[in-house]
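Each chain, letter by letter, is given below.
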Amino acid sequence: MMDRYTKLQMVGIYAAVIVFLIFILLPFFEMFMASLRPLEHLFRSPYQFWSDDFSFQAYSDMWETVPLLGRYIFNSVFIASAVTVLTMIFVVPAAYAYARLEFPFKNGSLAIFLGVNMFTGAVLLIPLYRVLRSMGLLNTYWAMIVPGVAFLIPTGIWLLRSYLEKIPRELEEAAFVDGASRMYTLRRVVLPLATPGLIVVGTAVFIGAYAQQFLFAITFNQQRELQPLPAGLFEFIGYQDVTWNQMMAAALTGILPVMVIFLFLQKYLVAGLTAGAVKE
Amino acid sequence: MATLSLNAITKSFGAAKVLHDISLAIKDKEFVVFVGPSGCGKSTLLRIIAGLEEATSGSVVIGGEDVSAAPPVERGISMVFQSYALYPHLSVYENIAFPLRVQKMGKAEMDARIQRAADILQLKDKLQLKPGQLSGGQRQRVAIGRSIVRNPKVFLFDEPLSNLDAALRGDMRVELSQLHRNLDATMVYVTHDQIEAMTMADRIVVLNGGRVEQFGTPMELYHHPKTKFVASFIGQPNMNLIPGTVLGVDPTGVKISMNGGHEMVLPVDSSTVSAGDKVEVGIRPEHVDIGTEGLEISVNVLERLGGVSITYGTIGDGTRFCASLPGDAAVKEGEPLTLSVAPEACHVFDGSGDVLRRNSAPEIID
Ligand SMILES: Nc1ncnc2c1ncn2[C@@H]1O[C@H](COP(=O)(O)OP(=O)(O)OP(=O)(O)O)[C@@H](O)[C@H]1O
Ligand SMILES: [Mg+2]
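Q: How should the interface of chain A and chain B be read in this particular structure?
A: Many authors give the size of an interface as the accessible area that is lost as the parts come together. Counting residues at the interface gives 15 residues for chain A, matched by 24 residues for chain B. Contact between chain A and chain B buries roughly 1,700 Å² in total, counting both sides, with carbon and sulfur atoms accounting for 66%. Among the residues of chain A in contact with chain B, A:V177, A:D178 and A:R188 are the three that bury the most area, contributing 37% of the side total. Linking A:D178 and B:R150 is a salt bridge whose minimum nitrogen-to-oxygen distance equals 3.4 Å. For the pair chain A and chain B, the interface holds 6 residue pairs in polar contact (both at pLDDT 80 or more). Elements with a minimum of two residues in the side of chain A that touches chain B: α7 (169-177) and α8 (182-193) of chain A. At 7 residues, α7(A) tops the list of elements feeding residues into the side of chain A that touches chain B. A class-by-class count of the residues in the side of chain A that touches chain B yields 10 nonpolar, 1 polar and 4 charged.

Structural data, given as structure tokens:
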């Protein structure tokens, strides 16, 4: 690395990063603190940062308060994974076509994809409901997977297309001259080179799928056993009281599998996001 | 191995016409170089031969067969790209194996071909490395290896050496010429470097603005350039061009008054010019000698290269003139110099840049 910043600038940069991180991470920290407190503490005034009766009790109690909690966490990961796999199956050939082929309405259709992205799922809930009902998909996993895939394909195409465009065209021409078909070239040349890009896009899709499932779950699904975690968390809201500490514990536990995956993929993510920035 | 002919090829990208009516007949086992300035359409022409680009009109015939509509792999060609186009995630072995794997060739035969290519290109101990671990010259060899294993009828090269440094480029030039001899293949080679063209080619195609200016052996182009463009493109340092006026013509030659005042009778075909026409006289820097009578130039810059001394100067009216003199020539910067020129060594170009054929010129040796 080049030493391009003065000491003072570095201090400034780090200060900015710290402020930003605090802003992002503070809610998680507070979630964690809340999950440790006994319930009575939560409403105590004045606010007490630390007390001796903090414990991990909520982390074991939550499984009893909401017996299906494990199932909900599984559902969340399952739905998000299924959405990711299906989305990628559609996105890879589509993004390749947008990156390399010429066809009518290419730019127009790309713009429409971007336009679709601007609608949140919420605007389309009622039409979607009717579509899913007439297809008989309500109250199944598909009710949460199909709309998820539909809303994530455009983002996926946009992200992956720009990545594929950076792969030198001459590599594909060389393969073509040697007699390789498009599909063979895609499989043996393009996709291996695009692996970091695929991971970046896959991760972005997974996060998107994880975040959007709540809306689809509460509208299109009544089956308790199929609910993902965000919807399942509602069960911590009882008739009498809300077990906030357990809810926070459950929410944090639910994020855990995703966090673990991220830690593993982190080096690809960083490589993927900067790939092509430097001429090699 | 095969002949290659291009018949009336034209190519337009939208409204831009890039190639104009190009017809060439390349012989079996010939090493032909396409040379010309940047943007003249060399790569486009090569890509049309390869089948990567479709000609707007005209046909490509390889080995007597019209392949204009065939995909590259059915044309019996292989191509080496300027950027090498190696697959960075595959080993050298797999890179060379790629075209054979596409063909689903049997393992034993494939291995034999790769080993042979590695032998020819001295890559035996590099087969397990990735392209990223190789030097530029080695990468170039891998790219060539990949094109050899398919036993193509015609090899196509698009500026394969332009990413290499000067010394390596010299070595690779020799290696490529040797390869051509070993493989006994027809090769078409694109470059914008006239030295590569002169040293490697059996015949050179000079392209300019999408047209063939001339197609001939290096010595033909040197001694009998058909146009001013070819004359100034071939030869290093470039040919000097001095504007002049025709004073009179007779069957043996043309009398010309050159800018700067010098007058000469040049033995060239005089049938197409008459007195008063504007012409240009082309004199190669290596065809002048220090003398007592002739062109008066003042030397601005002197480069002593050891074997030769190159002087850059001007003649009377400011036209630039470069001369290549013996290494020990008694010349000084800032001093006037008289150069004698043999009339037989001069070229004359008419107003449109076409040459007036020289009556006597050196025998062309191949
Ligand atoms: N795909 C394309 N679309 C439009 N114009 C093109 C295309 N490819 C080439 N051209 C144009 O055709 C002309 C010839 O290009 P070409 O690449 O054949 O030149 P070149 O002789 O190989 O030059 P260089 O020595 O710089 O490689 C150029 O003016 C270029 O702008
Ligand atoms: Mg080119």
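Q: When you look at the domain arrangement of chain A in this model, what are you seeing that I'm missing?
A: All names here are of chain A. Each domain of chain A was delimited in the assignment, giving domain 1 (7-60) and domain 2 (68-277). The interface is formed by 12 residues belonging to domain 1 together with 12 residues belonging to domain 2. Interface area, domain 1 with domain 2, both sides summed: about 920 Å², of which 81% is carbon and sulfur. On the domain 1 side of the contact with domain 2, M31, L39 and A58 bury the most area, a combined 50% of that side's loss. For the pair domain 1 and domain 2, the interface holds 0 salt bridges. Linking domain 1 with domain 2 are 1 residue pair in polar contact (both at pLDDT 80 or more), by the criterion used here. For the side of domain 1 that touches domain 2, the secondary structure elements donating two or more residues are α1 (7-36) and α2 (57-65). Broken down by element, the side of domain 1 that touches domain 2 gets its largest block of residues, 5 residues, from α1. Residues of the side of domain 1 that touches domain 2, tallied by class, amount to 10 nonpolar, 1 polar and 1 charged.

Calculation notes
Residues numbered from 1 in each chain as written. Chains lettered and ligands numbered in written order. Predicted model: local features only at pLDDT ≥ 70, side-chain atom pairs only at ≥ 80, totals over all residues. Heavy atoms only, no water. Contact = heavy atoms within 4.5 Å. Buried area = accessible area lost by both parts, 1.4 Å probe. Salt bridge = Lys/Arg side-chain N within 4 Å of Asp/Glu carboxyl O. Polar contact = N/O pair within 3.5 Å; in protein donor to acceptor, adjacent residues only side chain to side chain. Helix = DSSP H or I, 4+ residues; strand = E, 2+ residues; numbered from the N terminus. Nonpolar A, V, L, I, M, F, W, Y, C, P; charged D, E, K, R; others polar. Domains from an automatic or database assignment.

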